[in-house]
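# Remarks on the overall topology
What follows is the residue order along each chain.
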Amino acid sequence: MADKEKISRQPMPEQEPKVRAKNFKEVPLGYPPETAIIEATRCLNCKKPGCVDGCPVGIDIPGFISKVKEKDFAGGIARIKETNALPAVCGRVCPQEAQCEAGCVLGKKGEPVAIGRLERFLADFERDQGDVPLPNIPAKTGKRVAVVGSGPSGLTVAGDLILKGHDVTVFEAFHKPGGVLLYGIPEFRLPKQILFAEINYMERLGVKFEVNSVVGKVVTLQELKDEGFDAIYVAVGAGLPHFLGVPGENLIGIYSANEYLTRSNLMKAYLFPEYDTPLAVGKNVAVIGAGNVAMDSARTALRMGAEKVRIVYRRSRDEMPARSEEIHHAEEEGVELHLLTNPLKFIGDDQGRVTGMQCIQQELGEPDASGRRSPKAKPGTEFEFPCDMAVIAVGAGANPLLTSTTPELSLNKRGYIIADPETGKTSMPGVWAGGDIVTGMATVIKAMGAGRAAANSMHKYLTWGW
Ligand code: FAD
Ligand code: SF4
């Protein structure tokens, strides 16, 4: 044990900040095998592993790390896949520092085992071997399942239920599946090829994808039932952008983060004119908000060619909701943080284009309902903040496209679907729900955990009844 403790957490190679701030290629480059093995030897293989308690899908973390130590990489990825269908995605975007790594015993005195990096290493190793072999698929049950929404929650349900022998069709509003993994998280954090490989694997398993299908508009849930679907899982996400509600917010040059990132990621605006979706290139960009979405927008703006990109946030660094790694990467690339600053209004020129914001300085008071100290304006501290483009990244709400046409689904007062936390069952018989449309925007792994719970419940229903 003493020797193991002498080995420090292995860093992961990454692109130089100045170089990567000008391209959309992935920032961290992944562990080579020898580094992964050294990192794996740090793990103490605890009898009561705190890391597993912190994982929303309960991956056998010491089990897969032992396989890395033994150089049995195929065995390691198989162990992860017993509970996680998207390891290449989770190894990249999960907030490990707040989940598995937060529970790692080594973190009490020093640095936790780099669990996420090892997960990513195994998933990438498997993909590099070529087509992943298919597991045995049981005989068809004759039951049909519809999944609405192809984000991580819907994909988890599809992957789990196809392996139980049910027939699964995923309906997706956009022209490509993937949800936020495709249209939200940028290429430099999650290369699309990785997501496409996961979706291709599901297609090989037999999952059908119906894209350009806005359920609730093109077809209702009742019509899907009438068409013969025996069970339906709703995972339509929380993609309705929130705005600040201040004067001038509709000036030219002001985007919601949702539109900005969708244009860049899904429509590949960063490859314009090769792809025909344009995206404004601000020289002096303000991004309002401090979560992952804000960091992704700021770093995208840099890569699109902005000279100056500033995050404007009304609280302090301690309250920033983004992953610490994202904040660190953004600052390394040159994104500036303007904390304790709140926009009061946007200012425009006579062409209706944004030229700046009027802001006011803030100070922190007592903690609010979220446990974070609430910001208060400091009277008399108004100042002008120049910018020629702004991206609003202050959160998102329930996507109403489906729920507004499905009165049978009970919603809470914020418009999210009410579902049993253990099973995902909704008020509509034969319909389950999970992911961000139930919890509000959370994390990829939590959306997957909800999918896993619902898939178990749906399988029981398809086998024995409601
Ligand atoms: P989504 O991923 O939102 O997928 C919902 C899907 O349903 C979408 O494809 C949508 O087009 C489709 N849909 C909507 N309405 C309909 C309809 N009526 N008919 C058919 N289809 C419909 N989490 C992390 O863990 N780590 C991160 O680093 C991270 N970064 C993020 C960065 C950004 C920019 C964003 C926006 C979110 C980020 N998150 C991150 C949060 C995470 O992505 C979400 O919590 C997760 O994707 C939720 O999964 P979901 O399956 O519930 O919904
Ligand atoms: Fe290994 Fe840390 Fe988990 Fe213990 S808590 S099994 S040291 S990863």
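Described in the following lines is the structure provided in the data block. Each chain carries its own residue numbering, running from 1 in the written order of its sequence. Here every chain gets a letter starting at A, and every ligand a number starting at 1, in the order they are written. Selection of residues for local features in this predicted model requires a pLDDT of at least 70, selection of side-chain atom pairs for listing and counting requires 80 or more, and totals for whole chains, interfaces and linings are taken over all residues. Remark: hydrogens and water are excluded; side-chain values derive from all non-hydrogen atoms of the structure.

In this model, helix α8 (residues 115-128) (14 residues) spans 20 Å end to end at C-alpha, consistent with the 20 Å of a helix rising 1.5 Å per residue. Of all the 14 residues making up α8, eleven are buried; the element is thus mostly covered by neighbouring parts of the structure. Every residue pair with non-hydrogen atoms within 4.5 Å of one another is taken to be in contact. A helix here means a DSSP run of H or I that spans at least four residues, while a strand means a run of E at least two residues long, and both kinds are numbered starting from the N terminus. The inward-facing, buried residues of α8 contact α3 (33-41), α4 (50-53), α5 (61-69), α6 (73-81) and α7 (87-93). G130 occupies a position one or two residues after α8 and carries a positive phi of about 105 degrees. Helix span, as expected, comes to 1.5 Å for every residue beyond the first. Each residue is assigned to one of three classes by its accessible area relative to the maximum for its type, calculated with a 1.4 Å probe on protein chains only: buried under 20%, partly exposed between the two thresholds, exposed over 50%.

Take the pattern of salt bridges next. Any Lys or Arg side-chain nitrogen found within 4 Å of a carboxyl oxygen on Asp or Glu counts as a salt bridge. One pass over the full model with this rule turns up 27 salt bridges. As a salt-bridge pair, R9 and E101 come within 3.2 Å of each other at their nearest N and O atoms. A residue pair is termed long-range when its members are at least 10 positions apart, and R9 in the loop between α1 (2-6) and α2 (17-20) and E101 in the loop between α7 and α8 qualify at 92 residues. In this structure, the salt-bridge partner of K208 is D167, at a minimum N-O distance of 2.9 Å. Of this pair, K208 sits in strand β3 (residues 208-210) while D167 sits in strand β2 (residues 167-171), and the two are 41 residues apart along the sequence.

Along the polypeptide, P379 turns up in the loop between β12 (373-377) and β13 (383-386). Along the backbone, P379 and P247 are 132 residues apart, and their C-alpha atoms lie at a distance of 19 Å.

What follows concerns the packing of aromatic side chains. By convention, a stacked pair of Phe, Tyr or Trp rings (six-membered ring in the case of Trp) has centres within 6.5 Å and planes under 30 degrees apart, an edge-to-face pair has planes over 60 apart, and any other such pair is tilted. The tally for this structure, following the rule as stated, stands at seven aromatic pairs. An angle of 50 degrees between the planes, with centres 6.2 Å apart, marks the rings of F24 and F188 as tilted. Highlighted residues: F24 in the loop between α2 and α3 and F188 in the loop between α10 (180-183) and α11 (192-205), separated in sequence by 164 residues. On the accessibility criterion, F24 (12% relative accessible area) is buried. An angle of 70 degrees between the planes, with centres 5.1 Å apart, marks the rings of F73 and F125 as edge-to-face. Of the two residues, F73 is situated in helix α6 and F125 in helix α8; the sequence distance between them amounts to 52 residues. Judged by relative accessible area, F125 falls into the partly exposed class, the value being 25%. Among the aromatic residues, those joined into a cluster by ring pairs are F73, F121 and F125.

Our focus in this paragraph is the side chain of T426. You can see T426 is positioned in the loop between α16 (400-403) and β16 (431-433). A relative accessible area of 9% means that T426 is categorised as buried. We call two N or O atoms a polar contact when they sit within 3.5 Å, provided that within protein one can donate a hydrogen and the other can accept it, with sequence-adjacent residues counted only if both atoms are side-chain atoms. Among the polar contacts listed, one links the side chain of T426 to the backbone oxygen of V431, at a separation of 2.7 Å.

Note on terminology: near, applied to a residue and a molecule or strand, indicates that one of the residue's heavy atoms is within 4 Å of it. Around ligand 1 lies a shell of 37 residues, among which V93, E172, R189, V215 and D436 are the nearest. S153 has a polar backbone atom sitting 3.0 Å from an oxygen atom of ligand 1. At 2.8 Å from an oxygen atom of ligand 1 is found a side-chain nitrogen or oxygen belonging to R189. In this description, accessible areas are obtained by the Shrake-Rupley approach with a 1.4 Å probe, and a residue is regarded as covered only by the protein chains that are shown. Considering ligand 1 on its own, with 1000 Å² of exposed area, one finds that the protein chains cover 97% of that surface. Put simply, the parts of the chain that give the shell around ligand 1 at least two residues each are α9 (152-162), α14 (292-304), α16 and α18 (444-464). Broken down by element, the residue count for the shell around ligand 1 peaks at three residues, all from α14. For the shell around ligand 1, the class distribution of residues is 21 nonpolar, twelve polar and four charged. Side-chain classes are defined by residue name, with Ala, Val, Leu, Ile, Met, Phe, Trp, Tyr, Cys and Pro counting as nonpolar, Asp, Glu, Lys and Arg as charged, and the others, Gly among them, as polar.

Take the sheet that holds β2 next. Strand pairing is defined by DSSP finding a minimum of two bridges between the two strands. Ordered by their spatial adjacency, five strands build an open sheet running β3-β2-β1-β4-β16, and the pairing between neighbours is parallel. Of all the strands in the sheet, the pair left with one neighbour each is β3 and β16. Pairwise comparison of adjacent strand axes, ignoring direction, gives a mean angle of 20 degrees for this sheet. Two strands pair when backbone bridges link them, and strand β4 (residues 231-234) and β16 are joined in this way by three bridges, in the parallel orientation. Its bridge partner being in β16, Y233 is matched across the sheet by W432. Axis angles are defined between N-to-C directions and span 0 to 180 degrees, where every axis is a line fitted to C-alpha atoms and, for a helix, only to the segment in contact. Across the face of the sheet, α18 comes into contact with β1 (144-148), β4 and β16 while running at roughly 170 degrees to β4.

With that settled, the discussion passes to the packing of α9 against α18. The geometry of α9 relative to α18 is characterised by a closest axis approach of 7 Å and an angle of 35 degrees between their N-to-C directions. The interaxial crossing formed by α9 with α18 has right-handed handedness. Across the interface between the two elements, P152, S153, T156, V157, D160 and L161 from α9 touch V444, A447, M448, A450, G451, R452, A455, M458 and H459 from α18. Looking at the contact of α9 with α18 residue by residue, the class counts come to nine nonpolar, four polar and two charged. By the definition used in this description, the sense in which the near helix is turned from the far one sets the handedness, with an anticlockwise turn below a right angle giving left-handed and a clockwise turn giving right-handed.

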